[in-house]
Each structure stands twice: as structure tokens, then as C-alpha cells.
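Reading the structure
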Amino acid sequence: MYRITIDRDACDGVFACLVRDDRFVEDSEGLAAIETDDQTAIEATFDDDRRDDAEQAAAACPLDAIHVESVEEDAGAADTPAATDHEEVQP
């Protein structure tokens, strides 16, 4: 499992990430977000084989606003992405 996190203070809307991983989208504020289950988030945890795409997106970001890290699977965690809605976080 791995977690993708976007630092909203560092993101400047360059969007180099969008061409590396199609889970990244432009949100209503003109910054990068992660699309999960018809919502956007600044943090999401995945258990799939797309970590390389996420790492390429992070490497392409000239502002180092995207972070990819390994996480331990919690007992009883679902196989679907766990997302933190970006609207709950003040940019």
C-alpha cells in the first residue's frame, strides 16, 4: 500500500503530474488534486499496481508538492482508496 499526498502550499498549478498519472486532476482552485471515486482529494491511499505512475508524477513536479510513501495496511481496511477531501484543508 502507498499514500499519495499533495502539499497545497507548494503546488502552483504547473500540472506536470497530470500527464504522468491520470488520477491527478485540476481542481476548482486551479491546483492539483487526486481523483478518487468521483471526488477530489489531497491525500489518498491505494493498494494497486500504479505506484510507479504516482512516483513519476511526484518526480515530474518541479515544486516537489507530491509525496508518495509506503503505508502499512490497517486491520479491516477496504481495498478502495481512502481519500481526504481537499475542501476540508485550508490551502
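Quick note: structure is the one above.
Now for a look at the structure at hand.

Calculation notes
Residues numbered from 1 in each chain as written. Predicted model: local features only at pLDDT ≥ 70, side-chain atom pairs only at ≥ 80, totals over all residues. Heavy atoms only, no water. Helix = DSSP H or I, 4+ residues; strand = E, 2+ residues; numbered from the N terminus. Buried < 20%, exposed > 50% of the residue type's maximum accessible area, 1.4 Å probe, protein only. Contact = heavy atoms within 4.5 Å. Areas by Shrake-Rupley, 256 points an atom, 1.4 Å probe, with all protein chains shown as cover. Pairing = 2+ DSSP bridges. Salt bridge = Lys/Arg side-chain N within 4 Å of Asp/Glu carboxyl O. Core = buried A, V, L, I, M, F, W, Y, C linked by side-chain atoms within 4.5 Å.

Below, the discussion takes up the overall build of the protein. Along its length, the protein carries 1 helix and 6 strands. Helices and strands in the protein line up, N terminus first, as β-β-β-β-α-β-β. For the protein, with 91 residues in total, the buried portion stands at 37%. Sequence separation of at least 24 residues holds for 68% of the intrachain contacts in the protein that already meet a minimum separation of 6. In the structure as shown, the protein presents an accessible area of about 5,300 Å², 39% of it carried by carbon and sulfur atoms.

Turning to unusual backbone geometry, a few remarks are in order. Backbone geometry at Asp 37 places phi at a positive 45°, although glycine is not the residue there. Structurally, Asp 37 is set in the loop between strand S3 (32–36) and strand S4 (39–46). You will see that Asp 64, though not glycine, has its phi angle at about 55°, which is positive. Within the secondary structure layout, Asp 64 lies in the loop between helix H1 (51–60) and strand S5 (66–70). Under the relative-accessibility criterion, Asp 64 is labelled exposed at 54%.

A few words on the pairing of strand S1 (residues 2–6). Covered by surrounding structure in S1 are Tyr 2, Ile 4 and Ile 6 only, the residues Arg 3 and Thr 5 on the alternate face being uncovered. Examined bridge by bridge, S1 and S4 share 4 bridges and lie antiparallel to one another. For Tyr 2, the partnering residue across the bridge sits in S4 and is Phe 46. Taken together, the 5 bridges between S1 and S5 define a ladder with antiparallel strand orientation. By the bridge assignment, Thr 5 is partnered in S5 with His 67.

Okay, the pattern of salt bridges next. Inspection of every chain in the model, using the stated rule, returns 10 salt bridges. Taken together, the shared-partner salt bridges in this structure form one network comprising Asp 21, Asp 22, Arg 23, Asp 48, Arg 50 and Asp 53.

Attention now moves to the nonpolar core. Membership of the largest hydrophobic core comes to 19 residues, with the highest contact counts inside it found for Ile 4, Ile 6, Phe 24, Ile 34 and Ile 66. Only S1, S3, S4, H1 and S5 provide two or more residues apiece to this core. Contacts of Ile 6, omitting those with residues within four sequence positions, involve Cys 11, Phe 24, Ala 32, Ala 33, Ile 34, Ala 41, Ile 42, Ala 65 and Ile 66.

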